[in-house]
Amino acid sequence: MTTTRLAHAVVLGASMAGTLAAHVLARHAETVTVVERDELPEEARHRKGVPQGRHAHLLWSNGARLIEDLLPGTTDRLLAAGARRLGFPEDLVTLTGQGWQHRFPATQFALLASRPLLDLTVRQEALTRRNITVLQRTEAVDLTGDAGRVTGVVVRDIDSGRRTALEADLVIDATGRGSRLKQWLAALGVPALEEDVVDAGVAYATRFFQAPPGATTRFPAVNIAADDNVREPGRFGVVYPIEGGRWIVTLSCTRGARLPSTEEEFLPFARDLRHPVIADLLRDAEPLTPLYGSRSAANRRLYPERLDRWPDGLLVLGDSLTAFNPIYGHGMSSAARCAVTLDRELGQGAPSGPGDGHRIQKAIGAAVDDPWILAASKDIDYVNCRVDATDPRLVGVDTEQRLRFADAITAASIRVPEASEIVTDVMSLNAPQSELGSNRFLLAMRTGERRPELTAPPFSAEELAVVGLDASVLTPAAAGSAAAGPAPVG
Ligand SMILES: Cc1cc2nc3c(=O)[nH]c(=O)nc-3n(C[C@H](O)[C@H](O)[C@H](O)COP(=O)(O)OP(=O)(O)OC[C@H]3O[C@@H](n4cnc5c(N)ncnc54)[C@H](O)[C@@H]3O)c2cc1C
């Protein structure tokens, strides 16, 4: 229970991290002001400040549960609006670097919807508390205070250009990958933050399609992952069923591969993946949008916790703090983990004394450590990956040994039910990454019953009928080889 309350808290950014943080803060502060550069749409519409919103988004069960706890009824509202709840691994047909995954009974789930629908559904509930004010078309331009304490923020009205100083006893930066926090801190005289970057050069190309009738409710998601063993740039593709009877199809690659840059190149790229099933599915599907691209996919982590002194009155969370290669689908769940951590820490009392903010910031850093290491330790082994990192779990380790272990994990996860369950728990962020080194997992890998290797995508006859595909068009998979770690799905 909160014993003391903040007078005024300001949240910068009203995407997933800022919205959830503002909702939590409303319990611990007299008033909360949210500062957002965009106008926030009243319907599920794309907006400029969330450019990634045009690409495939999956909300893992860990994030979905945390959001449901904060905002009861969110899942039902999403499902009522057409979002899809997929059981994992059952409702996913996926080709990993080690071959096709058996569709074992679901042990976890993910919610699939367009990003604008996910944002709208969360925002409509999260920002309704009476003590929250949202300043739209307003941009944060600077922090006020000094290296010891942030006392507020200078904001600029986008339309009039007028600048105003907002005083606050807590400012939270949730402005995403484009955050100017490092410059703001430098202006206050705070020593430079340490930063790790693991950048596999991932790029996304996405189009929306009208799915065949029934395909968004009675057909699984499809994922084709890269074959990391060949030491070539990775190439990936996903088909996700979303609201409106649509498929969102995202194709992606790592640095060195060429992504489609025109609509004409979309299907050929999909056909050239390690299995052509995505192109087969799209052959007669009606495209609803042009091709959208994105190159904002590096893993990047700031370490405020490593500073000797962090300014009181300031916290950073969401993508501003740690951004991941989106292929793993961990960003929104991490935003939820940040918000829940903030709630827990503020529940012990409002930060009032020197060092309180540092303590909370450390806890937030710990909450995003698992998704960080899952993504960064996988991406670091892609050819052409640019690494500027000091995390000892990433640099200075035996790469061959890591790759061998990762291969063994994937091989077991796709064919051994007990191993699959543990990997699914870890990938959905419901179990710590350390579970992959546990005796339980090692035992499952060694002694679990290994199912036979699958030679083609494991669709049922009924599923093939839904999309009008004959089993013979499903060309047997290219020989699956080693993938370093669990298959990306985001
Ligand atoms: C291509 C792609 C695909 C992704 N797919 C997935 C997925 O499948 N699953 C998943 O969980 N995550 C995914 N992510 C990650 C996910 O989008 C983010 O982790 C999530 O949006 C949380 O980010 P955020 O709220 O911290 O920042 P953002 O979503 O980047 O939002 C920042 C907000 O701050 C506002 N803003 C920026 N600067 C200012 C300023 N100076 N003043 C005021 N407002 C400002 C912006 O307008 C915006 O509203 C994906 C990301 C990308 C790039």
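Residues numbered from 1 in each chain as written. Predicted model: local features only at pLDDT ≥ 70, side-chain atom pairs only at ≥ 80, totals over all residues. Heavy atoms only, no water.

Draft legend 1. Quick look at the domain arrangement of the protein. For the protein, the assigned domains are domain 1 (6-57 + 117-197 + 300-377) and domain 2 (86-113 + 203-294 + 396-490). Domain 1 and domain 2 are separated by 32 Å when their C-alpha centres are compared. Opposite the 18 residues of domain 1 that make contact, domain 2 presents 26 residues. For the pair domain 1 and domain 2, the summed buried area comes to about 2000 Å², and 67% of that belongs to carbon and sulfur atoms. Linking domain 1 to domain 2 there are zero salt bridges. Going through the elements one at a time, α4 (115-126), α8 (331-346) and α10 (369-379) are the ones with two or more residues in the side of domain 1 that touches domain 2. It is α10 that provides the largest number of residues to the side of domain 1 that touches domain 2, a total of five residues. (Domains from an automatic or database assignment. Contact = heavy atoms within 4.5 Å. Buried area = accessible area lost by both parts, 1.4 Å probe. Salt bridge = Lys/Arg side-chain N within 4 Å of Asp/Glu carboxyl O. Helix = DSSP H or I, 4+ residues; strand = E, 2+ residues; numbered from the N terminus.)

Draft legend 2. Structural context of the site of the ligand. Around the ligand, the surrounding shell holds 33 residues, and the nearest of these are Ser 15, Glu 36, Arg 115, Asp 319 and Met 332. A distance of 2.7 Å separates an oxygen atom of the ligand from a polar atom in the side chain of Asp 319. For the ligand, whose unbound accessible area comes to 1000 Å², protein coverage reaches 96%. (Near = heavy atom within 4 Å. Polar contact = N/O pair within 3.5 Å; in protein donor to acceptor, adjacent residues only side chain to side chain. Areas by Shrake-Rupley, 256 points an atom, 1.4 Å probe, with all protein chains shown as cover.)

Draft legend 3. Structural context of the environment of Leu 251. Mapped onto the secondary structure, Leu 251 falls in strand β17 (residues 246-253). When the C-alpha positions of Leu 251 and Asn 131 are compared, they lie 42 Å apart, and in sequence the two are 120 residues distant. Here Leu 251 is in contact with Ala 203, Tyr 204, Ala 205, Phe 236, Gly 237, Leu 259, Pro 260, Phe 266, Phe 269, Ala 270 and Leu 273, once residues within four sequence places are set aside.

Draft legend 4. Structural detail: the nonpolar core. Within the largest apolar cluster, 123 residues are counted, with the highest numbers of intra-cluster contacts made by Leu 25, Leu 181 and Leu 342. Of the residues forming this core, the biggest block, eight residues, is contributed by helix α1 (residues 16-28). The two domains that each donate at least three residues to this core are domain 1 (6-57 + 117-197 + 300-377) and domain 2 (86-113 + 203-294 + 396-490). With residues near it in sequence (within four places) discarded, Leu 342 still touches Ala 21, Val 24, Leu 25, Ile 172, Leu 315, Leu 317 and Ile 360. Counting 33 residues, the second-largest nonpolar core is a separate cluster that includes Phe 219, Val 239, Leu 291 and Val 466. (Core = buried A, V, L, I, M, F, W, Y, C linked by side-chain atoms within 4.5 Å. Buried < 20%, exposed > 50% of the residue type's maximum accessible area, 1.4 Å probe, protein only.)

Draft legend 5. Examining the sheet that holds strand β22 (residues 322-323) more closely. Strand order in this open sheet of four strands is β22-β20-β13-β23, and the pairing throughout is antiparallel. Each edge of the open sheet is held by one strand with a lone partner, namely β22 and β23 (386-388). Pairing between strand β13 (residues 195-199) and strand β20 (residues 299-302): four bridges, direction antiparallel. Considered in β20, the bridge of Val 197 is made with Arg 300. Along the sheet, α10 makes contact with β13, β20 and β22, crossing β20 at roughly 140°. (Pairing = 2+ DSSP bridges. Axes fitted to C-alpha atoms, helices over the stretch in contact; angles between N-to-C directions.)

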